[in-house]
Amino acid sequence: MQYDADLNFNYFAPTKVIFGAGSIDELSMEVSALGKKAFLITDQGLIETGLVDQVRDKLGNLLAGVYADVPQDSGMDVVDRGAESALAAGADVLVSLGGGSVIDTAKGMCIVMKEGGSLRDFQGMQLLTREQTPHVVIPTTAGTGSEVTSGAVVLDKDQGQKIIIFEYFNTPRVAILDPRMTEKLPANLTAATGMDAMTHAVESYVAQARNPISDAAALHAIKLIVRYLPVAVENGRNLVARGQMQIAALLAGWAFSNAMVGLVHAMAHSLGAICRIPHGLANGILLPHVMRYNADEIPGLTADIAEAMGVAVNDMDASAVANAAADKMETFAGSVGLNQRLGDLGVSEEDLEKCADLSMSDGSIIYNPKMVMDAAEVLNVYLKAY
Ligand SMILES: [Fe+2]
């Protein structure tokens, strides 16, 4: 992790974090400090788990309404409809309860509620000049990191592409990390979302915009995920593992919100947009292959990642370390059940050609440590995972 004398960066992490089993009890106090009426954004699955009722009870009279129509890959239309409902209900604070799709939908709603129009008008980075609608996040997965990041990823169905919106002024105000809110997450989703966090940590550690603070967060996140993800997958009721995974996801979120991600995310966004492959699953499958692709550009950083994963790198040369790091990642993903090939998921080679083309215009690709020259290189990486 060497830096030159011309190192310069901003580090932005304004979200208040409230952690602990039972910390959901603090929800109403946090909402009251931010506004008068809260609107809850969630999904149908969480209604069935009983978690929505719990949050409803905690909000009491502060609750102005609930919007539970968020699908797996949320879209611009979902955001616009949600914002309209929240405004009609007289809400001035949003509370999101869910995983990445729910949180990012709420982030989009925060903008439309404040600025008007459609989320379609706000694609891009740092377009806004004032604070947006206050947002309290209660994650029910440990992976996305979206509870503390300035970014949101929303599907634009017309363009057939996932759009990245990145706004400092739209970072959530409060993240309530209550491990009990994640204990009902099934093992396969625990694994996939956990590998999303792992991908944030690994990609931010090697990204073009990395800095010493994001490095520290990323490396600690990798260590926590290696130790606790298998435990959380094995026994979802282990609150220590659930809590440590929430912390790992948050650290990885802070890391990538400042250092950005890279090729894995560009490729996973495309697989999500074209083939509807869930984000964490796509990341978990692609990560070892992109590590191999990048390794010759960043041998020292790859060695740090290998060490954080517990690989003894002492007498290895750079290429052996690179292979050992990628092999270890592949074994680790397999150990939590993510050992599928893209072909097993119904993806065709023609799909991969389209995904490779689309990846070249994804906002994440420019931060990859190795410059990606053309879609043929991306296709080659996809085919290694096929
Ligand atoms: Fe991600």
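Here the structure is shown first, and the text comes after it.
Here's what I pulled together on the structure shown here. Every chain's residues receive numbers from 1 upward, in the order its sequence appears when written. In keeping with the predicted nature of the model, local features appear solely for residues at pLDDT of at least 70, side-chain atom pairs appear and are counted solely at 80 or more, and the whole-chain, interface and lining totals rest on all residues. The side-chain values count all of the structure's non-hydrogen atoms but skip hydrogen atoms and water molecules.

### Quick notes on the environment of Ala 255
Logical step 1: Mapped onto the elements of the fold, Ala 255 is located in helix α8 (residues 239-259).
Logical step 2: On a C-alpha basis, the gap between Ala 255 and Gly 145 in space is 9.4 Å, while along the polypeptide they are 110 residues apart.
Logical step 3: Contact definition: two residues touch when any of their heavy atoms are within 4.5 Å. Those residues within four positions of Ala 255 in sequence are excluded, and the remaining contacts are Tyr 11, Ser 204, Ser 214, Ala 217, Ala 218 and Met 260. The helix count covers DSSP runs of H or I at least four residues long, the strand count covers runs of E at least two residues long, and both are numbered beginning at the N terminus.

### Concerning empty space enclosed by the protein
Logical step 1: A cavity here means a set of points on a 1 Å grid, drawn over the protein atoms and nothing else, where a 1.4 Å probe fits but cannot get out; a pocket is an open set with protein on both sides within 12 Å along at least five of seven lines, and a residue lines either one if it has an atom within 4 Å of a point. Grid points are joined across faces, edges and corners, and a volume is the space filled by probe spheres set on the points. Following the criterion strictly, the structure yields two cavities of 30 Å³ or more and no others.
Logical step 2: Contributing to the lining of the largest cavity are 14 residues, with Val 202, Val 206, Met 291, Asn 294 and Ile 298 lying nearest its centre.
Logical step 3: The greatest single-element share of the lining of the largest cavity, amounting to four residues, is contributed by helix α10 (residues 279-294).
Logical step 4: Per-class residue counts for the lining of the largest cavity are nine nonpolar, four polar and one charged.
Logical step 5: Volume-wise, the second largest cavity comes out at about 50 Å³.
Logical step 6: If you go around the second largest cavity, the residues you meet are Ala 142, Thr 182, Leu 185, Thr 190, Thr 193, Leu 229, Ala 232, Arg 242 and Met 245.
Logical step 7: Taken together, the residues of the lining of the second largest cavity break down into five nonpolar, three polar and one charged. Charged residues are taken to be Asp, Glu, Lys and Arg, nonpolar residues to be Ala, Val, Leu, Ile, Met, Phe, Trp, Tyr, Cys and Pro, and polar residues to be all remaining types, Gly included.

### A word on the environment of Val 226
Logical step 1: On the secondary structure map, Val 226 appears in helix α7 (residues 212-234).
Logical step 2: When near neighbours in sequence (up to four residues on either side) are disregarded, Val 226 contacts Met 198, Met 309 and Phe 332.

### Some remarks on the pairing of strand β9 (residues 174-177)
Logical step 1: Type-normalised accessible area, obtained with a 1.4 Å probe on protein chains alone, sets the label of each residue: buried when under 20%, exposed when over 50%, and partly exposed for intermediate values. Burial along β9 is two-sided: Val 174 and Ile 176 and Ala 175 and Leu 177, pointing in opposite directions, are all buried.
Logical step 2: Where strand β1 (residues 16-19) lies against β9, four bridges are found, and the strand directions are parallel. Bridging across to β9, Phe 19 finds its partner in Leu 177.
Logical step 3: As defined by bridge partners, strand β6 (residues 135-139) adjoins β9 across two bridges and the pair is classed as parallel. In the sheet register, Val 137 faces β9, and the bridge partner there is Ala 175. Each pair of strands is called paired provided DSSP finds at least two bridges between the two strands.

### Here we look at a negative patch on the surface
Logical step 1: The patches described consist of residues with a relative accessible area above 30% and no salt bridge, like charges being joined within 9 Å and nonpolar side chains (Val, Leu, Ile, Met, Phe, Trp, Tyr) within 5 Å. In this description, accessible areas are obtained by the Shrake-Rupley approach with a 1.4 Å probe, and a residue is regarded as covered only by the protein chains that are shown. Within this document, salt bridges are pairs made up of a side-chain nitrogen of Lys or Arg and a carboxyl oxygen of Asp or Glu, the two lying within 4 Å of each other. Positive charges come from Lys and Arg, negative ones from Asp and Glu, while His and the chain ends are left out of the count. Positions of charges follow a simple convention, taking NZ of Lys, CZ of Arg, CG of Asp or CD of Glu. A contiguous patch of negative charge, built from Glu 349, Glu 350, Glu 353 and Asp 357, is present on the exposed surface.
Logical step 2: If you trace the backbone, Asp 357 turns up in helix α13 (residues 349-359).

### Concerning the coordination of the iron ion
Logical step 1: Distances define the donors: N, O and S atoms within 2.8 Å of the metal qualify, as do those within 3.2 Å of Na, K or Ca. Water is excluded, so some sites may look unfinished. Protein-derived coordination of the iron ion comes from Asp 196 (OD), His 200 (NE2), His 265 (NE2) and His 279 (NE2), at a distance range of 2.1 to 2.2 Å.
Logical step 2: Written as a sequence motif, the donor arrangement for the iron ion is D-x3-H-x64-H-x13-H. Linking His 200 in helix α6 (residues 187-206) with His 279 in helix α10, this pair joins segments that are 79 residues apart in sequence.
Logical step 3: The buried category is assigned to His 200, whose relative accessible area is 2%.
Logical step 4: With relative accessibility at 22%, the residue His 279 sits in the partly exposed group.

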